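What follows is each chain in one-letter form.
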Amino acid sequence: MLLNILKQALRNAIDKWGRVASQNVPPFDITIPPSERLGDYSTNAAIILAKILKERPENIAEELLPFLEKEGLTEKIEIARGGFINFFLTSQLLEAVIREILDKGGKYGFPQIGEAKKIQLEFVSANPTGPLSVAHGRGAVIGDVLANLFARLGYNVVKEYYINDHGSQIEAFAKSIEARYFQLFGEDMSIPSDGYRGEYVKDLAKIIREEVGDKLLYAPKEVRGELFRERGVELMVQSHRETLKRFGVEFHSWFQESNLHHSSTIAKTLGVLKEKGLIFEKDGAIWFHSTLFGDDKDRVLVRSDGSFTYFAADLAYHRNKYERGFAQVIDIWGPDHYGYVRRMLAGTRALGYGEGWLRILIFQVVRLVREGELIMMSKREGEFVTLDELIDEVGKDAVRFFYLLRTIDSPLDFDMTLAVKQAPENPVYYVQYAHTRIHSILKEAEKRSLSPQSITSARLDLLKEEKEKALIKKLGEFPTLISTTLASLEPYNIVRYSMELARIFHNFYESHRVIVDNEDLAKARLQLMKATLQVFKSCLQLLGVEAPERM
RNA sequence: GCGCCCGUAGCUCAACCUGGAUAGAGCGUUGGCCUGCGGAGCCAAAGGUUACAGGUUCAAAUCCUGUCGGGCGCGCCA
């Protein structure tokens, strides 16, 4: 990996220079300079050193220069204004990038740091009281892409969906189905004020009517209430599962909140907190002293009517996760859960799970815009565009890609009109098209029996064009992309990189033919194409977007 | 009221956490490029006082303070 090689060389040079041990030098950067005239890479090391040695950066750079040159990685090193040291890499170093990619294949850029450690990502976890919305779609893609990333790094990844099948909203949902069911038989029963009015509730009632006929009209209230609740949730969860599958997201595990209530899990968790003396009674309720762990107020765990709060169940849920042996847990929540983060973290601290065991990502709102106007959405009123409809209109790949065009922290305006109209010009096609073009080249080469020879004999030194070098350098950045994405948990980085790589590739493609008369050059370029194809494949696989051979 | 986030090109956004050189993309606008591997493409141009005012620094979009403007959170809901 280019950056590491350079960084190591820089440290060696500093040590040989001898005025200060490299391990005592604060971290310095190696970056790509703003212009190609300034070299392939650049470092501020001399400026950092100048600070601790209290000398002019330019002088430090001058002293360091001969030692850097001896490392032999560079064709030329320049000292720029301000004390930046600019490297112009040797072609051998660039060739090494291609060799490494072809040698490692799908493993290129993915150090096996996971060591089969168990990691859980919990996401979507939509209330089973209605169809998945476009907001759920955003969480789904973010979680899925991160799961792909961890899997490629050798982690043992579990994608889990938490089903909130307990509580007042579920009761209102069950009553809504019940009302629709009775209405189907001409009975007069109205939907409760906190109920759900969407068309889909009528469909659920119809399905239940087909399954059991009119039996429930005469069943005792509690019996039929339970059936509407259970069957309603089941049907809703099933529809979530199907929608997500169409979207390319499949969960390993579906966890029901109600199981926590049916077992003694919640009580046990409260017991643990009680032993630690973190629980107290006030106003007839039982409270968790969460302010001791960074929350801004204490939280109720058991209401004065004796029932558990959602938070109590969620604490038990996270304790359950811990006991299942996950070394790391990542929760991905929508913006409406912002105020919930601190108390959850306080809970895991109190339970002693260590800082960083739980990471919570909050993605920002998704707003739908049609014809330039915001579409207001309300699940209760049944007025919303579902994720299914969005996939129908725009297509799986484009929807996934579109969701990732913004950082997690940034609100996303999804312009339906534009997304549909511009589907063929969506950036996803730009990246896929690059993949397709490379595939065509390789096929054409095969047709002409120009099969790329073994990598060891390829004359990679013939790749001297600026646009070839730019492409190789970009390929060399892929491992850095992976490590920064791992640190930031920001899938957007992968999309951005894919688009940059596509741009550089298209640029190369328009300027140079791969299949040229000079057979050695043609074969060298074919190797470059194979390496590029590999990196595109890795990107698209992470994103969960098709890598088509034809479009 | 308390707390958090945001303000960057006509529009939508990167870069801010970890301060570095000429603040980048996409869309839109304007002008070029198809008798060779797929034009869903490429090239070029125009477009910026990084909300404002101070401060720290050799260096500030980035860090600190204040002002203005926008958004969100603050339930014995889930």
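As the structure is a prediction and not an experimental result, all values here were calculated from the model. (Residues numbered from 1 in each chain as written. Chains lettered and ligands numbered in written order. Predicted model: local features only at pLDDT ≥ 70, side-chain atom pairs only at ≥ 80, totals over all residues. Heavy atoms only, no water.)

**A short note on helix 20 (residues 492-511)**
Thinking step 1. Counted at 1.5 Å a residue, the expected span for helix 20 with its 20 residues is 28 Å, and the 29 Å between its end C-alpha atoms agrees.
Thinking step 2. Along helix 20, the positions that sit buried rather than exposed are Tyr492, Ile494, Val495, Tyr497, Ser498, Leu501, Ala502, Phe505, His506 and Phe508.
Thinking step 3. Residues of helix 20 that are buried in the fold lie against helix 5 (134-152), helix 15 (396-403), helix 17 (427-447), helix 18 (466-476), helix 19 (478-488) and helix 21 (519-543). (Helix = DSSP H or I, 4+ residues; strand = E, 2+ residues; numbered from the N terminus. Expected span 1.5 Å × (residues − 1). Buried < 20%, exposed > 50% of the residue type's maximum accessible area, 1.4 Å probe, protein only. Contact = heavy atoms within 4.5 Å.)

**What about the packing of aromatic side chains?**
The relative placement of two aromatic rings is captured by the distance of their centres and the angle of their planes.
Thinking step 1. Tallied over the entire structure, the rule returns 27 aromatic pairs.
Thinking step 2. Look at Tyr161 and Trp254: their rings are 4.4 Å apart centre to centre, the planes differ by 25 degrees, and that puts the pair in the stacked class. With a gap of 93 residues between them, Tyr161 in strand 6 (residues 156-163) and Trp254 in strand 7 (residues 253-256) connect regions that are remote in the sequence.
Thinking step 3. The class of Tyr161 is buried, set by a relative accessible area of 1%. (Phe/Tyr/Trp six-rings, centres within 6.5 Å; stacked < 30°, edge-to-face > 60°.)

**Points about the domain arrangement of chain A**
Thinking step 1. Partitioning chain A into domains gives domain 1 (2-89) and domain 2 (94-113 + 423-543).
Thinking step 2. For domain 1 versus domain 2, the distance between C-alpha centres works out to 29 Å.
Thinking step 3. Opposite the seven residues of domain 1 that make contact, domain 2 presents seven residues.
Thinking step 4. Between domain 1 and domain 2 lies a buried interface of about 650 Å² when both sides are counted; carbon and sulfur atoms form 54% of it.
Thinking step 5. When residues of domain 1 are sorted by the area they lose upon contact with domain 2, Leu2, Glu36 and Asp40 head the list and together hold 55% of the total.
Thinking step 6. At the junction of domain 1 and domain 2, the tally comes to one salt bridge. (Domains from an automatic or database assignment. Buried area = accessible area lost by both parts, 1.4 Å probe. Salt bridge = Lys/Arg side-chain N within 4 Å of Asp/Glu carboxyl O.)

**Structural notes on the sheet that holds strand 12 (residues 358-362)**
Thinking step 1. With parallel pairing, five strands are arranged side by side in an open sheet as 7-6-5-11-12. Sheet topology places strand 7 and strand 12 at the edges, where each strand pairs with a single neighbour. Each strand of the sheet is rotated relative to its neighbour by a mean of 25 degrees, with strand direction disregarded.
Thinking step 2. Where strand 5 (residues 118-122) meets strand 11 (residues 328-333), four bridges bridge the pair, whose relative direction is parallel. Residue pairing for strand 11: Ile119 is matched across the bridge by Gln328.
Thinking step 3. Each of strand 6 and strand 7 touches helix 9 (residues 221-246); the most contacted strand, strand 6, lies at about 140 degrees to it. (Pairing = 2+ DSSP bridges. Axes fitted to C-alpha atoms, helices over the stretch in contact; angles between N-to-C directions.)

**Overview of unusual backbone geometry**
Thinking step 1. The backbone phi angle of Ala116 is positive, close to 60 degrees, even though this residue is not glycine.
Thinking step 2. In this structure, Ala116 sits in the loop between helix 4 (91-104) and strand 5.
Thinking step 3. At Ser125, a residue that is not glycine, the phi angle is positive and equals roughly 40 degrees.
Thinking step 4. Mapping Ser125 onto the fold places it in the loop between strand 5 and helix 5.

**Considering the pattern of salt bridges**
Thinking step 1. In this structure the tally under the stated criterion is 36 salt bridges.
Thinking step 2. Between Arg299 and Asp296 there is a salt bridge, and its shortest N-O distance comes to 3.1 Å.
Thinking step 3. Judged by its relative accessible area of 12%, Arg299 is buried.
Thinking step 4. Put simply, Lys396 and Asp397 hold a salt bridge, and the shortest N to O gap is 3.6 Å.
Thinking step 5. Accessibility expressed as a relative area gives 14% for Asp397, which makes it buried.

**Concerning the packing of helix 7 (residues 199-212) against helix 9**
Thinking step 1. Here helix 7 crosses helix 9 at 115 degrees, and the two axes come no closer than 11 Å. Taken as axis vectors, helix 7 and helix 9 run roughly perpendicular relative to one another. Relative to helix 9, helix 7 is oriented so that their crossing is right-handed. Mapping the contact onto sequence places Tyr200, Leu204, Ile207, Ile208 and Glu211 in helix 7 and Leu227, Phe228, Arg231, Leu235 and Met236 in helix 9.
Thinking step 2. Of the residues in the contact of helix 7 with helix 9, the class split is eight nonpolar, no polar and two charged. (Parallel < 35°, antiparallel > 145°, perpendicular 65-115°, else oblique. Left-handed = near helix turned anticlockwise from the far one by under 90°. Nonpolar A, V, L, I, M, F, W, Y, C, P; charged D, E, K, R; others polar.)

**Comments concerning the protein's contact with RNA strand B**
Thinking step 1. In the neighbourhood of RNA strand B, 55 residues make up the surrounding shell, with Arg37, Ser42, Phe84, Arg406 and Tyr430 lying closest.
Thinking step 2. The protein-proximal atoms of RNA strand B, defined as those within 4 Å of the protein, are 63% sugar or phosphate.
Thinking step 3. Between a base nitrogen of RNA strand B and a side-chain N or O atom of Asn86, the distance comes to 3.2 Å.
Thinking step 4. Note that a phosphate oxygen of RNA strand B is positioned 2.5 Å from one of the side-chain N or O atoms of Asn507.
Thinking step 5. Elements with a minimum of two residues in the surface near RNA strand B: helix 2 (45-53), helix 6 (168-184), helix 17 and helix 20.
Thinking step 6. Of all the elements, helix 17 adds the most residues to the surface near RNA strand B, at eight residues.
Thinking step 7. Considering only residue class, the surface near RNA strand B consists of 21 nonpolar, 18 polar and 16 charged. (Near = heavy atom within 4 Å. Polar contact = N/O pair within 3.5 Å; in protein donor to acceptor, adjacent residues only side chain to side chain.)

**Quick look at the layout of surface pockets**
Thinking step 1. Of the pockets and cavities examined, the second largest pocket occupies roughly 340 Å³.
Thinking step 2. In terms of lining residues, the second largest pocket is bounded by 16 residues, among which Asp165, Glu230, Val233, Gln256 and Ser258 are the most central.
Thinking step 3. Mapped by element, the contributors of at least two residues to the lining of the second largest pocket are helix 9 and helix 10 (257-262).
Thinking step 4. A breakdown of the residues in the lining of the second largest pocket according to their chemical character gives three nonpolar, six polar and seven charged. (1 Å grid on protein atoms, 1.4 Å probe; cavity = no way out; pocket = protein on both sides within 12 Å on 5 of 7 lines; lining within 4 Å. Points joined across faces, edges and corners; volume = space filled by probe spheres on them.)

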